[in-house]
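Architecture and fold: a report
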Amino acid sequence: MLSLDVSGFSIGLLSIFIGITWLYYVMKKRNLIKMREKIFRQNGGLLLKQRISSLESGVEPCKIFHAKELETATNNYSEDRILGTGGYGTVYKGILRDQRVVAIKKSRIMDQNQIEQYINELSILTQVNHRNIVKLLGCCLESEVPLLVYEYISNGTLYHHIHHNGEAPWFSWSDRLRIAAECFGALSYLHSQAATPIIHRDIKSQNILMDEKYNAKISDFGVSKLVPADQAHVITRVQGTFGYLDPEYMQTSRLTEKSDVYSFGVILAELMTGRKPISSTAPDEEKSLSIFFLISLESNRLFQILDPRVRREGTLEQLQAVAELIKSCLKLQGDDRPTMREVAMELEVLRKERDLNTMQQRGVSL
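Note that the structure is predicted; figures quoted are calculated from it, not measured. (Residues numbered from 1 in each chain as written. Predicted model: local features only at pLDDT ≥ 70, side-chain atom pairs only at ≥ 80, totals over all residues. Heavy atoms only, no water.)

1. A look at the overall build of the protein
If you tally the helices and strands in the protein, you get 13 helices and 12 strands. Within the protein, the fraction of its 366 residues that count as buried is 48%. A separation threshold of at least 6 residues defines the contact pool for the protein, and within that pool the share at least 24 residues apart is 64%. Working note: accessible area of the protein is about 19,600 Å², and carbon and sulfur atoms make up 54% of it. (Helix = DSSP H or I, 4+ residues; strand = E, 2+ residues; numbered from the N terminus. Buried < 20%, exposed > 50% of the residue type's maximum accessible area, 1.4 Å probe, protein only. Contact = heavy atoms within 4.5 Å. Areas by Shrake-Rupley, 256 points an atom, 1.4 Å probe, with all protein chains shown as cover.)

Put into structure tokens, the structure is as follows:
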């Protein structure tokens, strides 16, 4: 009789223990859900939903990743997975469960301005689809700071190749022309073919990535602006990178598509000269690449400032044509600059002429 009472008491205790354990895990799960919802709201999740819902139908939805999934993919954000760092935070290499390699952008800290930049980049990249624009794969808003997940681009930045790798076998004058044509084509798409025209606002060689075949991919749309087709410009706080910034935009805060044209004119000058857009160690007249390039062109000293490889491989006609194109992009008045589409078309013609000349030369040597 006593043994039955003890047995019943034990079963009762076990039931109570199981019940308490179950209740603990239910409460823990509810608290976790509430915490994730709070973080989601803090990280701009409601703003993201609003932006996405306002987009035109047919836009590919953004995949939502779980925080744990991205922690596993980056080995808990290990230092040996870091691809690059900047004012925005850190980009990590990640390997997803399906073995896809991705790049994951993680902010160091999160304030309202950075949240808006992340949401801005999300809403813009979900609208665009171009082979020379980095592809956004998804995001995560349930971690302490929002995370963006991109396709992995393996060969660094154009800036690195111009200033540290200029003699690499692949980085010929023909390839420089091709890269410029690819970028201008992508920017022309943003300006005139996207559902709502997009001004990048921070075009620089650090924001142009090179894939495994050395094709160009424009990245970093955090400060980009959507400008409705019926608006020629927007008045906005000046943002961008010194050395690439449109002087008219800096003076007036009036942002137009021609601001991107100016910035890419500086990149073209980088590609031709191998010089940095701003050099603190150079003489005063050479500190600004855009000013130095224009002065050199005006005084017939273009060939003295060209990168040796460019001077060696380019024809006189091609180099002069590209130099004149740079001059037109760097006009002080935006209205005097060509459109991105016009520059893209001219570069494509120059690139094809160069390829044809190369093929003919190879044919003769054969």
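2. What about the pattern of salt bridges?
Taken as a whole and assessed by the stated rule, the structure comprises 16 salt bridges. Across the salt bridge formed by D220 and K105, the nearest N and O atoms sit 3.9 Å from each other. Of the two residues, D220 sits in the loop between β9 (216–218) and β10 (225–226) while K105 sits in strand β4 (residues 101–107), which places them 115 residues apart along the sequence. Given the relative accessible area of 22%, D220 is considered partly exposed. Taking relative accessible area as the criterion, K105 reaches 9% and is therefore assigned buried. With a closest N to O distance of 3.8 Å, E298 and K327 form a salt bridge. Pair noted here: E298 is in helix α9 (residues 289–298) and K327 is in helix α12 (residues 316–329), with a separation of 29 residues, a long-range link. E298 gets classed as exposed once you look at its relative accessible area, which sits at 60%. (Salt bridge = Lys/Arg side-chain N within 4 Å of Asp/Glu carboxyl O.)

3. Some remarks on the state of the cysteines
This model, assessed by the stated rule, comprises zero disulfides. Summary of cysteine pairing: C140 is not part of a disulfide, and the nearest cysteine sulfur, belonging to C139, is at 7.4 Å. Looking at C140, the relative accessible area reads 0%, which means it is buried. (Disulfide = S-S within 2.5 Å.)

4. What about the sheet that holds strand β5 (residues 136–140)?
As a general point, the strands of a sheet are linked pairwise by backbone hydrogen bonds and lie either parallel or antiparallel. Sheet architecture is open: six strands sit in the order β1-β5-β6-β4-β3-β2, paired in mixed fashion. Every interior strand has two partners, whereas the edge strands, β1 (63–64) and β2 (82–86), have only one. Two elements, β4 and strand β6 (residues 147–151), share five bridges in a ladder whose sense is antiparallel. In the sheet register, K106 faces β6, and the bridge partner there is L147. (Pairing = 2+ DSSP bridges.)

5. Focus: the packing of aromatic side chains
Each aromatic ring pair is summarised here by two numbers: the centre-to-centre distance and the angle between the ring planes. Inspection of every chain in the model, using the stated rule, returns four aromatic pairs. Consider the rings of F184 and F264, whose centres lie 4.3 Å apart with planes at 65°: the pair is edge-to-face. Placement of F184 in helix α6 (residues 173–192) and of F264 in helix α8 (residues 257–273) is noted, with a sequence separation of 80 residues between them. As far as burial versus exposure is concerned, F184 and F264 are alike and both buried. One aromatic cluster in this structure is built from W170, F171 and Y214. In this structure, K63 packs its charged tip against the face of F65, placed 5.0 Å from the ring centre. Directly above the aromatic system of Y77 lies the positively charged group of K106, at a separation of 4.0 Å from the ring centroid. (Phe/Tyr/Trp six-rings, centres within 6.5 Å; stacked < 30°, edge-to-face > 60°. Lys NZ or Arg CZ within 6 Å of the ring centre and 35° of its normal.)

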